[in-house]
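Coordinate inspection notes
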Amino acid sequence: MPRAEGIEDLLSFFQRREPVDEWVHGAPHPDDLDLRRRAAAGIAAFDDHEAQWESRYLAFGLALIDADRAALDEAVADLQRLTSAVRQRDHQQSLRQVASVHAFIRGELDEAGRLAEEVLATSLETFSLSWAASIHYALIGPVREAQGRAGELWPQIAALAEHSPEFVTWHVVAASVAYATGDAASLDRELALVADTGLA
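Residues numbered from 1 in each chain as written. Predicted model: local features only at pLDDT ≥ 70, side-chain atom pairs only at ≥ 80, totals over all residues. Heavy atoms only, no water.

**Some remarks on the packing of aromatic side chains**
Put simply, the rule is: Here a pair means two rings of Phe, Tyr or Trp (six-membered ring of Trp) with centres within 6.5 Å. Their orientation is stacked below 30 degrees between planes, edge-to-face above 60, and tilted elsewhere. The secondary structure listing takes helices from DSSP runs of H or I that are at least 4 residues long and strands from runs of E that are at least 2 residues long, numbered from the N terminus. Residue exposure (1.4 Å probe, protein chains only): buried if accessible area is under 20% of the type maximum, exposed if over 50%, otherwise partly exposed.
If you walk through the whole model with that rule in mind, you get four aromatic pairs. Between the aromatic rings of Tyr57 and Phe60, the centroid separation amounts to 6.2 Å while the plane-to-plane angle is 35 degrees, which identifies the pairing as tilted. Of this pair, Tyr57 and Phe60 both sit in helix α4 (residues 49-66), three residues apart, which is roughly one turn of the helix. Overall, the relative accessible area of 0% leaves Phe60 in the buried class. For the pair Phe127 and Trp131, a centre-to-centre distance of 6.3 Å together with 80 degrees between the ring planes defines the contact as edge-to-face. Taking the relative accessible area as the measure of exposure, Phe127 reaches 25% and is therefore partly exposed. Here Trp131 falls in the partly exposed class, since its relative accessible area comes to 22%. Pairwise contacts between aromatic rings join Trp53, Tyr57 and Phe60 into one cluster.

Laid out in structure tokens, this is it:
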């Protein structure tokens, strides 16, 4: 199919967001999954590397939700192939995030952790500390929990929560780390802070 007229308008939506949004802010509502599938198929019809990349990224997220390992591996391979061909924006950072998640799924926890640390370092060059740390935790949290090392995250998360006490996300993350480490006192304190916001 030839490059569609006006594809820049379609792609501008994707250029305004980072793929890791879904990992940080949660998976789409189940009622939206069919829309997500149709979007992935529709975007794939464009003869454009950026559109193909975004289509495969959507396929990656759907494969995670569906627990479809074959589809996940295929989407990751396609993203690796397409990343260098995209000219509209640099997807290397996004590919590192995908690679970290994929390594975690494969059970390669050390590799997943290494990539998560790379993501943090490069994110800090571009994003605020809060945003970079959010991306980092979305990647490293499951890794450290699987390794039985969730407690290592406590100093960083506690410092972020103290620095930005109004940012509810850090209290939710702190509660998660406290739960993983069996710290009942910290868990109760953080959940109480979340409850005080009216969000829980």
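Next comes the rest of the account.
**Topic: helix α3 (residues 33-44)**
Put simply, the rule is: An expected span of 1.5 Å times one less than the residue number is assigned to each helix. Directions are taken from the helix axis to each C-beta atom, and the arc is the one they span.
The end-to-end C-alpha separation of α3 is 17 Å, in line with the 16 Å expected for twelve residues at 1.5 Å each. Within α3, the full set of buried residues consists of Leu33, Ala40 and Ile43. The arc enclosing the buried residues of α3, seen along the axis, measures out at 95 degrees, which places them on a common side. Away from its buried face, by an angle of more than 90 degrees, α3 presents the exposed residues Arg38 and Ala41.

**What to know about the side chain of Thr83**
Heads up, the condition is: Side-chain atoms alone can form a polar contact between residues adjacent in sequence; in general such a contact is a pair of N or O atoms within 3.5 Å, and within protein one must be able to donate a hydrogen while the other accepts it. Contact between two residues is taken to exist if any of their heavy atoms lie within 4.5 Å; hydrogens are not considered.
Secondary-structure assignment places Thr83 in helix α5 (residues 69-83). Within the structure, the side chain of Thr83 is placed 2.6 Å from the backbone oxygen of Leu79, a separation counted as a polar contact. Once residues within four sequence positions are removed from consideration, Thr83 is found in contact with Trp53, His91, Gln92 and Leu95.

**Re the pattern of salt bridges**
Put simply, the rule reads: Just to be clear on terms, a salt bridge is a Lys or Arg side-chain nitrogen sitting within 4 Å of an Asp or Glu carboxyl oxygen.
Enumeration over the complete set of coordinates arrives at eleven salt bridges. In this structure, Glu111 and Arg114 form a salt bridge, with 2.8 Å as the shortest nitrogen-oxygen distance. Residue Glu111 and its partner Arg114 are both found in helix α7 (residues 109-123); the two are separated by three residues, about one turn of the helix. For Arg114, a relative accessible area of 39% translates into the label partly exposed. Salt bridges here are not isolated pairs; linked through shared partners, they connect Arg96, Glu111, Arg114 and Glu118.

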